[in-house]
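Examining the three-dimensional arrangement
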Amino acid sequence: MDSVIFLMLRRMRAPLIVLIAIYAISMLGLALIPGVDANGRPAPPMSFFHAFYFVSYTATTIGFGEIPNAFSDAQRMWTVLCIYLTVVGWTYSIVTLLGLLQDKGFQAAFAKIRFARAVRRLGEPFYLICGCGETGTLIGNALDRIGTRFVVVELSEHRVQELDLLEWRADAPALAGDAREPALLKLAGLTHPKCRGVLAVTNNEEANLAVAIAVRLLRPDVPVLARARSESVSANMASFGTDHVINPFRRFADQLALAVRAPDVFRLEQLLTGIPGEAAPEPHRPPRGDWIVCGYGRFGHAIVAALDSEAQPVTLITPEPLAMPDRRCITGIGTEAEPLLAAGVDTASGIVAGTDNDVNNLSIAVTARELNPAIFVVMRQNHASNSALFDAFVGDFALVPSRLIAQECLATLTTPLLSIFLEHVRRQENAWAAQLIARIEAVCPARVPDIRSITFNISEARAAYLHLMADAPLTLAEALRDSADRSVDLPLVPLMLRRAKNVMLLPSPQTRLVASDALLLAGPRGAHTRLQLALQNANAFDYVQHGRNAPGGWIWRARAARQAQRK
């Protein structure tokens, strides 16, 4: 606020001085020029008070007339001159004020004040999103869908203005600025007691690194998730204790290797890390055999390393010739038939279109599919805005970096237990994953389930916690009864139970629960809401466990007590 007031006073200094001078001269003239009385005889000039009074109501266009007496001709001429002088003064002031309102510096200062006030007023937990491009927008959409507040810092002012057009249910405070500035991060709520995490997902690796470092130094207790593409930046972030470094190229390469090794395990991971409510991902089963990789940048390096780990032969197609004696390399882009045929596309099992150009990747995929209709096509989609083109081609497998990062950020921040569960999932057999997928699809057909965790403590499950602390038994099956009808089980799949440092995958319905247990569940959002009500509310928990419908409010309890006395 101080900067805005200072800027206004500095820009309006000259107009205010002009207006004050005009009014002072006008009053001085009226106090010096003789007037006339009612009989037309010369009279002394009006006093300073009457001059101030007359100039005040004349300047405000109220116009009471000539008081206390009719003016002399000299006074009238002076008044006419003063009127035109004040018009000039006010015009100068208004034009200066309009110019100030259109000044970029003033608008930025005012926007910063409004942003800081909105952040200070946040009374519920929120996340700080640094960078709101494709990735940040996807994260914002998902957080808004699950009812979680967030704050946005975006370098592009145009992008911040576009956020107002998005149909978010809650207003998200957003500010155009460089997230690398620590003062701006503090203004955005980094030191706010309700800040629950920071997501550094800008397109600039150096900016993400700067954000990660600032969070570690200014608020070490807040988790930070950062986006990185190069190994050097990833290592630098890890050295500063960044909680989660997301490299979309390496992550996708690991997913491709997992899909080759255990396709159902890979699909289970996709199903659990997808955006809740969206269509369930299609199954991907990359074949084993010879592969062709077009493009050998950072993405190509990650893909080749992943395929090598699965012992899949790889042929490279690169624009520049490579001297790699242990690998077959073809010079070209892959958009034409000659380099693809030279690489053996007609007999290859799969091809990866991994350049940094979406048009080239589509051209590679189309040409390869024409030469070998049975080939498995993996495409790199650099921009989410080209989704219509990639969907029209109907490829087998596509990397959308922004979507992959958004999914991993949401899975890590909103459900920390899910990361632990996925580490165990990747070590399971393919058949185990297939059975779990069938159970999840039974409660959420054709949709990505909502993954949530609940801890049996006083804050998240008060009624159940008090029940357990009284040494009363409670099994998992009893806890998952529907609070609307206790004879029906909630459509939820228990994925994992964590008790202290021990983890139990897919706990059985007969598992005895104890206080402080943490349970990871998959199912529809409405089922999670009903479970939370049953475990938190004492009356709902009593109905679920014993079938008793006790009155809720004190009025109804008093009425029930009187009825019991009458009986």
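Everything numeric in this text was worked out from a predicted model, so none of it was measured. (Residues numbered from 1 in each chain as written. Predicted model: local features only at pLDDT ≥ 70, side-chain atom pairs only at ≥ 80, totals over all residues. Heavy atoms only, no water.)

Some thoughts on the overall build of the chain
Along the backbone of the chain there are 24 helices and 18 strands. Relative to the globule expectation of 24 Å for 567 residues, the C-alpha radius of gyration of the chain, 35 Å, shows a markedly less compact shape. Oriented by its inertia axes, the alpha-carbon framework of the chain measures out at about 115 × 95 × 40 Å. Counting across all 567 residues of the chain, residues that qualify as buried make up 46%. A separation of at least 24 residues holds for 64% of the contacts in the chain among residues at least 6 apart in sequence. Across the chain, the centroid of the 55 positively charged side chains sits 11 Å from that of the 52 negatively charged ones. (Helix = DSSP H or I, 4+ residues; strand = E, 2+ residues; numbered from the N terminus. Rg over C-alpha atoms; globule rule 2.2 N^0.38 Å. Buried < 20%, exposed > 50% of the residue type's maximum accessible area, 1.4 Å probe, protein only. Contact = heavy atoms within 4.5 Å. Lys, Arg positive; Asp, Glu negative; His and termini not counted. Charge placed at Lys NZ, Arg CZ, Asp CG, Glu CD.)

As for the nonpolar core
Residues Leu272, Ile303, Phe421 and Leu495 are the most contacted members of the largest nonpolar core, which totals 47 residues. A total of seven residues in this core trace back to one element, the largest contributor, which is helix α11 (residues 248–261). Contact partners of Ile303, with chain neighbours within four places excluded, come to Phe252, Ala253, Leu256, Val293 and Val352. Counting residues in each nonpolar core, the second largest holds 28 residues, with Phe115, Cys130, Ala179 and Leu185 among its members. (Core = buried A, V, L, I, M, F, W, Y, C linked by side-chain atoms within 4.5 Å.)

What to know about helix α13 (residues 298–309)
With twelve residues, α13 should cover 16 Å at 1.5 Å per step; its first-to-last C-alpha distance of 17 Å lies within 8% of that length. Burial in α13 covers these residues: Phe299, Gly300, Ala302, Ile303, Val304, Ala306 and Leu307. Buried residues along α13 sit in contact with α11, β9 (291–294), β10 (314–318), β12 (350–353), β13 (376–380) and β14 (397–399). Remark: Ala311 follows α13 within two positions and exhibits a positive phi of approximately 60°. (Expected span 1.5 Å × (residues − 1).)

Things to note about the packing of helix α17 (residues 401–414) against helix α18 (residues 416–425)
Put simply, α17 and α18 touch, their axes get as near as 4 Å, and they point 110° apart. With respect to α18, the element α17 is oriented roughly perpendicular. Side by side, α17 and α18 meet where Ala411, Thr412, Leu413 and Thr414 of the first sit next to Pro416, Leu418 and Ser419 of the second. Residue classes in the contact of α17 with α18 are distributed as four nonpolar, three polar and no charged. (Axes fitted to C-alpha atoms, helices over the stretch in contact; angles between N-to-C directions. Parallel < 35°, antiparallel > 145°, perpendicular 65-115°, else oblique. Nonpolar A, V, L, I, M, F, W, Y, C, P; charged D, E, K, R; others polar.)

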